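The residues making up each chain are set out below.
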Amino acid sequence: MSADRSGPKRGSKPLAMAGGPPPPRPAPTPAEVRESLIPGVKYVIPVASGKGGVGKSTVSANIALALAADGARVGIMDGDVYGPSIPLILGVKDKPTPGPNGLLPVERYGIKVISMSFFLPPGEALIWRGPMLSKTIDQFLGGVEWGELDYLIVDLPPGTGDIQLSLCQKIPLTGAVIVSTPQDAALRVAERAVFMFQKLKCPILGIVENMSHFLCPSCGNREEIFGSGGCRKTGERLGIAFLGEIPLDTQIRIDSDRGRPTVIDAPESPQALAFRQIAENLVARIESQAKETARSGETRITF
Amino acid sequence: MVDSPGNRISPVPVEVGRANLHDVRVRWDDRHESLFPARDLRLLCPCAVCVSEDTGERILVPTQVPVGVQPLRIEAVGRYAIQVFWSDGHSSGIYSFDYLMENCPCPLCRRPVSPGNS
Ligand SMILES: Nc1ncnc2c1ncn2[C@@H]1O[C@H](COP(=O)(O)OP(=O)(O)O)[C@@H](O)[C@H]1O
Ligand SMILES: [Mg+2]
Ligand SMILES: [Zn+2]
Ligand SMILES: [Zn+2]
């Protein structure tokens, strides 16, 4: 199932896009991008945050793994052009291989992975702008063979600028997850992400509070360092479901740093259970959202 | 609008279809109907080629748009917009539902808002 490890040797150019210019295939049209995702992928869930460093990628990866642990077919799309970190968090060393209809994602811990880092030359992401970047994004969205998936988790770049908007405009979104820390400043920028999705008519499935509180490793006492509960309150004010909270915990960082996320490394630990609870709440929200959409109906195009 | 952006969603079309051979009719879920004459809709194209991204000014010169321009095909974009493929080869415009709503040409929507006129 996994990519061929005995494949291209290091030093040889394994794939057109790895460390080099984007593949020579013409960039897919917006319609092709949508088509390529629609038939096989049931739910597309973008994960967004107002700013970087709040743990969006950590939460995305652990939620994806928790969904897969419950038997779902899951893919994760690392769309963070500024700092694609999903391959590091998941310990992915392989590169995707070309298939008959597009790139085949790398498989890791039972989920399919595609990262912007497979497409962008290292260190150059930030200078990519405008048409060049948007062309790469189209390759990235339309040139991948995801196959049959229940959930595709999309780790968006932090913030709510043009790149985020154009990424979201090109994907048929089911509903978004917002990740924030409980500090006021983080919450204020998280609100902008809420407004962005509202503009896109993409429902918000809920908000996750990361680095919510600190569990003392020796005494187990809970300390509210940033004033826990901020996300729940903001969610209530904005009419958004609260999906759960993840403690600030060194082990979570260590697990991510060595490419074995907490849900994989210690699935029964309280930290992993927190992620798994969020995944469970998320599934419930997706299902009720799907019913809602079915009731209100999609726009029919009869032209 | 401001109190509950998470759940509150402004009107969405039930159907985007034909008003006649070439003109576009949008039926909204609040029962409003918008009728866009084909060429007017082409002239409303919000894409970066037709509208300056810096100034928001319309760059598209109406005289350069064929009189008989018509949509060949319309596709949904996500859950928030449509993309129109025009007979003059243009197709880069993503018309968001909100944009269509704001530009509804019907007399009700075009009526200038004045005090006491609700
Ligand atoms: N709950 C947590 N407890 C401790 N460290 C965390 C937690 N969540 C994330 N981190 C660490 O914080 C840093 C930023 O997280 P990351 O997921 O990369 O954020 P983002 O994707 O929002 O930029 C990483 O070093 C990560 O391991
Ligand atoms: Mg990240
Ligand atoms: Zn245009
Ligand atoms: Zn009207």
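As a reminder, the structure under discussion sits directly above these lines.
Here's what I pulled together on the structure shown here. Bear in mind that the values here come from a model prediction, so they are computed numbers and not experimental data. (Residues numbered from 1 in each chain as written. Chains lettered and ligands numbered in written order. Predicted model: local features only at pLDDT ≥ 70, side-chain atom pairs only at ≥ 80, totals over all residues. Heavy atoms only, no water.)

Examining the coordination of the zinc ion (ligand 3)
Only B:Cys45 (SG), B:Cys47 (SG), B:Cys50 (SG) and B:His90 (NE2) from the protein reach the zinc ion (ligand 3) as donors, at distances of 2.0 to 2.3 Å. Every donor counted, the four donor atoms about the zinc ion (ligand 3) form angles of 98 to 117 degrees at the centre, which fits tetrahedral coordination. (Donors = N, O, S within 2.8 Å, 3.2 Å for Na, K, Ca; no water. Tetrahedral: all angles 85-135°; square planar, octahedral: opposite > 155°, others 65-115°.)

Observations concerning the packing of aromatic side chains
How two aromatic rings sit relative to each other is given by the distance of their centres and the angle of their planes. Taken as a whole and assessed by the stated rule, the structure comprises two aromatic pairs over all chains. Plain terms: the ring middles of B:Tyr95 and B:Tyr99 are 6.4 Å apart, the flat faces sit at 55 degrees to each other, and that makes the pair tilted. Look at B:Tyr99 and you get buried, because its relative accessible area is 18%. Lying across the ring of A:Phe303, B:Arg18 places its NZ or CZ 4.0 Å from the centre. In this structure, B:Arg73 packs its charged tip against the face of B:Phe85, placed 3.9 Å from the ring centre. (Phe/Tyr/Trp six-rings, centres within 6.5 Å; stacked < 30°, edge-to-face > 60°. Buried < 20%, exposed > 50% of the residue type's maximum accessible area, 1.4 Å probe, protein only. Lys NZ or Arg CZ within 6 Å of the ring centre and 35° of its normal.)

Some remarks on the site of ligand 1
All names here are of chain A. Residues in contact with ligand 1 amount to 15 residues; listed here are only the nearest, Gly53, Lys56, Ser57, Thr58 and Pro247. Protein burial of ligand 1: of its 560 Å² of free accessible surface, 81% is covered by the chains. Mapped onto the shell around ligand 1, the elements with two or more residues apiece are helix 2 (56–69) and helix 8 (250–257). With three residues, the single largest contributor to the shell around ligand 1 is helix 2. (Near = heavy atom within 4 Å. Areas by Shrake-Rupley, 256 points an atom, 1.4 Å probe, with all protein chains shown as cover. Helix = DSSP H or I, 4+ residues; strand = E, 2+ residues; numbered from the N terminus.)

What to know about the pattern of salt bridges
All names here are of chain A. Across all of its chains, the model carries 14 salt bridges over all chains by this definition. The closest approach of N and O atoms between arginine 276 and glutamate 268, which form a salt bridge, is 3.4 Å. Residues participating in the shared-partner salt-bridge network are Asp255, Arg258, Arg260 and Asp265. (Salt bridge = Lys/Arg side-chain N within 4 Å of Asp/Glu carboxyl O.)

Overview of the environment of B:Arg39
All names here are of chain B. Along the polypeptide, arginine 39 turns up in helix 1 (residues 38–43). For the pair arginine 39 and aspartate 23, spaced 16 residues apart in sequence, the C-alpha to C-alpha distance is 8.2 Å. Apart from residues lying up to four places away in sequence, arginine 39 is in contact with Pro62, Val65, Pro66, Val67 and Val69. (Contact = heavy atoms within 4.5 Å.)

A look at unusual backbone geometry
Residue and element names in this part refer to chain A. Positive phi, close to 50 degrees, is recorded for tyrosine 109, a residue that is not glycine. In this structure, tyrosine 109 sits in the loop between strand 5 (106–108) and strand 6 (111–115). The backbone phi angle of methionine 211 is positive, close to 55 degrees, even though this residue is not glycine. What makes methionine 211 partly exposed here is its relative accessible area of 23%.

Here we look at the pairing of strand 6 of chain A
Along a regular strand, successive side chains alternate from one face of the sheet to the other. All names here are of chain A. In terms of residue burial, strand 6 counts as a mostly covered element, since five of its five residues are buried. Side-chain alternation along strand 6 places Ile111, Val113 and Ser115 on one buried face and Lys112 and Ile114 on a second face that is also buried. In the sheet, strand 5 pairs with strand 6 via three bridges, with the strands oriented antiparallel. Each bridged residue has a counterpart across the sheet, and for valine 106 the counterpart in strand 6 is valine 113. Here strand 5 folds back onto strand 6 in antiparallel fashion, the turn holding two residues, of which tyrosine 109 has a positive phi close to 50 degrees. (Pairing = 2+ DSSP bridges.)

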